[in-house]
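As a plain string of letters, each chain reads:
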Amino acid sequence: MQEKSKQRPKFLTLQEIRLPLPGIASILHRVSGAGLFLFLPFLIWLLQLSLSAAPEGQALFAQYSGNFLVRLVLLGLVWAFLHHCCMGIRILLIDVHVGVEKAKARSSAVAVMAVSLALTAVFGLKLLGVY
Amino acid sequence: MNRIVVGAHYGLKDWLAQRITAVAMAAYVVLIFVAVLAGAVESSETWQAFMSHGAVRFATFLFIVSLCYHAWVGVRDIWMDYLACAALRLTLHVLTLFALVGYAGWAIWIIWRL
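What you see is a predicted model, and the numbers here were worked out from it, not measured in a lab.

K.L.:
Is there a simple way to think about the overall build of chain A in this case?
P.N.:
Within chain A, the secondary structure is distributed over five helices and zero strands. N-terminal to C-terminal, the α/β element order of chain A is α-α-α-α-α. Rg of the C-alpha trace for chain A: 20 Å, well past the compact-globule value of 14 Å for 131 residues, more than 25% over. Its C-alpha atoms give chain A principal-axis dimensions of about 70 × 30 × 25 Å. Burial status across chain A gives 18% buried among its 131 residues. Once local pairs closer than 6 in sequence are excluded, the contacts in chain A between residues at least 24 apart make up 72%.

Written as structure tokens, this is what we have:
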């Protein structure tokens, strides 16, 4: 237990908040979730084009899925999904009391960041047509 | 009683639903990943054939419902955490709900007409 007398900040001034690494991974869980929510119509629209039976729809899908900006946005969303998913697994494990200790919680946060970034790179190279 | 109409309803239900929908979505993503590796996106024909399969449509439907419920809980938590004004919060809760119900209808329509 920490001392009660310790001064704690009672504000949420975003510029003044300094988070430890697990805190950064945690807030990115929220940021990535919000991003996925905001881009949901875009993703549903792409799904619709990809499943369109009409040749015009398919042509439109080919045109948009080949667009650099669309691919860049998709790459961002791939990271958002991967981070959100990896962090979600970490949260579920902590829910069942796995990795609750400070050191383990820190290393699992590092693992979440590293795995999601590495997988984003793997998908990113695929998206850019490297392999 | 000091309950707020736009509060979290003070229960475990949404917390648990958040986790159940997460696991359901993760399972679906694994299914899609395996299907892609097996060649489901070789062409638009194979992709449409895969997505219109009865079992896949069933799974996709559950994924869409899970996603919207999951997003509802998550986005609502964001509004609750950062917005002090109850009127603004209620407005955004309603807009979020309407958007998600609309997205669900749209996505279900996409897979159901295949």
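K.L.:
How should I be thinking about the overall build of chain B in this particular structure?
P.N.:
Check the secondary structure of chain B and you find four helices and zero strands. Each helix and strand of chain B, ordered N terminal to C terminal, gives the series α-α-α-α. In summary, chain B has a C-alpha radius of gyration of 18 Å against a globular reference of 13 Å for 114 residues, an excess of more than 25%. Overall size of chain B, expressed as C-alpha extent along the three principal axes, is 55 × 25 × 20 Å. When burial is assessed residue by residue, chain B has 13% of its 114 residues classed as buried. For chain B, long-range pairs separated by at least 24 residues make up 70% of all intrachain contacts whose partners lie at least 6 apart in sequence.

K.L.:
Help me out: how do you make sense of the environment of Ala121 of chain A in this one?
P.N.:
Residue and element names in this part refer to chain A. Relative to the elements of secondary structure, Ala121 occurs in helix 5 (residues 102–127). Judged by the 13 C-beta atoms lying within 10 Å of it, Ala121 falls in the partly exposed class. Remark: the alpha-carbon pair of Ala121 and Ala59, spanning 62 residues in sequence, is separated by 28 Å.

K.L.:
Is there a simple way to explain the interface of chain B and chain A in this structure?
P.N.:
A common way to report how large an interface is uses the accessible area buried once the components associate. The partner chain A presents 16 residues to the 16 residues of chain B that form the contact. Those elements giving two or more residues to the side of chain B that touches chain A turn out to be helix 1 (13–37), helix 2 (44–52), helix 3 (54–82) and helix 4 (86–112) of chain B.

K.L.:
In this structure, what is going on with helix 1 (residues 21–38) of chain A? I would like to understand it.
P.N.:
When the terminal C-alpha atoms of helix 1 of chain A are compared, their 25 Å separation across 18 residues agrees well with the 26 Å that a helix rising 1.5 Å per residue should span. Along helix 1 of chain A, the residues that are buried comprise Ala25, Leu28, His29, Ser32, Gly33 and Phe37 of chain A. Each element contacted by the buried residues of helix 1 of chain A is listed here: helix 2 (40–50), helix 4 (68–95) and helix 5 of chain A together with helix 3 of chain B.

K.L.:
I keep staring at the nonpolar core and nothing clicks. Help me out?
P.N.:
Nonpolar side chains tend to gather and get buried jointly when the protein is soluble and globular. Residues Ala25, Leu28, Val78, Trp79, Ala80, Phe81, Leu82, Cys85, Cys86, Met87, Ala109 and Val112 of chain A constitute the largest nonpolar core, which totals 12 residues. Counting residues per element, the ones that place at least two in this core are helix 1, helix 4 and helix 5 of chain A. With eight residues, helix 4 of chain A is the single largest residue contributor to this core. By size, the runner-up hydrophobic cluster in this structure holds 10 residues, among which are Phe37 of chain A together with Ile64, Ala71 and Val75 of chain B.

K.L.:
I'm lost on the environment of Ala49 of chain B in this one. Help?
P.N.:
Residue and element names in this part refer to chain B. You can see Ala49 is positioned in helix 2. When the 13 C-beta atoms within 10 Å are taken as the criterion, Ala49 is described as partly exposed. For the pair formed by Ala49 and Phe63, sequence separation is 14 residues and the distance between their alpha carbons is 18 Å.

K.L.:
Which parts of the structure should I look at to understand the environment of Ser52 of chain B?
P.N.:
All names here are of chain B. Note on placement: Ser52 falls in helix 2. Separated by 13 residues in sequence, Ser52 and Gly39 have C-alpha atoms that sit 15 Å apart. The residues touching Ser52, leaving out its near neighbours within four places in the chain, are Arg57 and Leu114.

K.L.:
What is the right way to read the packing of helix 1 of chain A against helix 3 of chain B from this model?
P.N.:
Any two packed helices are characterised by the angle at which their axes cross and by the distance between the axes. Running from N to C, helix 1 of chain A and helix 3 of chain B point in directions that differ by 120°, and their axes come no closer than 10 Å. As judged from the angle between their axes, helix 1 of chain A and helix 3 of chain B are oblique. Here the hand of the crossing between helix 1 of chain A and helix 3 of chain B comes out left-handed. The segment helix 1 of chain A lies against helix 3 of chain B, with Arg30, Gly33, Ala34 and Phe37 of chain A engaging Ala71, Gly74, Val75 and Ile78 of chain B.

K.L.:
Looking at this structure, how should I read unusual backbone geometry?
P.N.:
Glycine aside, the phi torsion of most residues is negative, and most peptide linkages are trans. Residue and element names in this part refer to chain A. Positive phi is not limited to glycine here, since His97 has a value of about 65°. Residue position: His97 is located in the loop between helix 4 and helix 5. On the neighbour-count criterion, His97 (7 C-beta atoms within 10 Å) is exposed.

Calculation rules
Residues numbered from 1 in each chain as written. Chains lettered and ligands numbered in written order. Predicted model: local features only at pLDDT ≥ 70, side-chain atom pairs only at ≥ 80, totals over all residues. Helix = DSSP H or I, 4+ residues; strand = E, 2+ residues; numbered from the N terminus. Rg over C-alpha atoms; globule rule 2.2 N^0.38 Å. Buried ≥ 20, exposed ≤ 12 C-beta atoms within 10 Å, placed from the backbone. Contact = placed C-beta atoms within 7 Å. Expected span 1.5 Å × (residues − 1). Core = buried A, V, L, I, M, F, W, Y, C linked by C-beta atoms within 7 Å. Axes fitted to C-alpha atoms, helices over the stretch in contact; angles between N-to-C directions. Parallel < 35°, antiparallel > 145°, perpendicular 65-115°, else oblique. Left-handed = near helix turned anticlockwise from the far one by under 90°.

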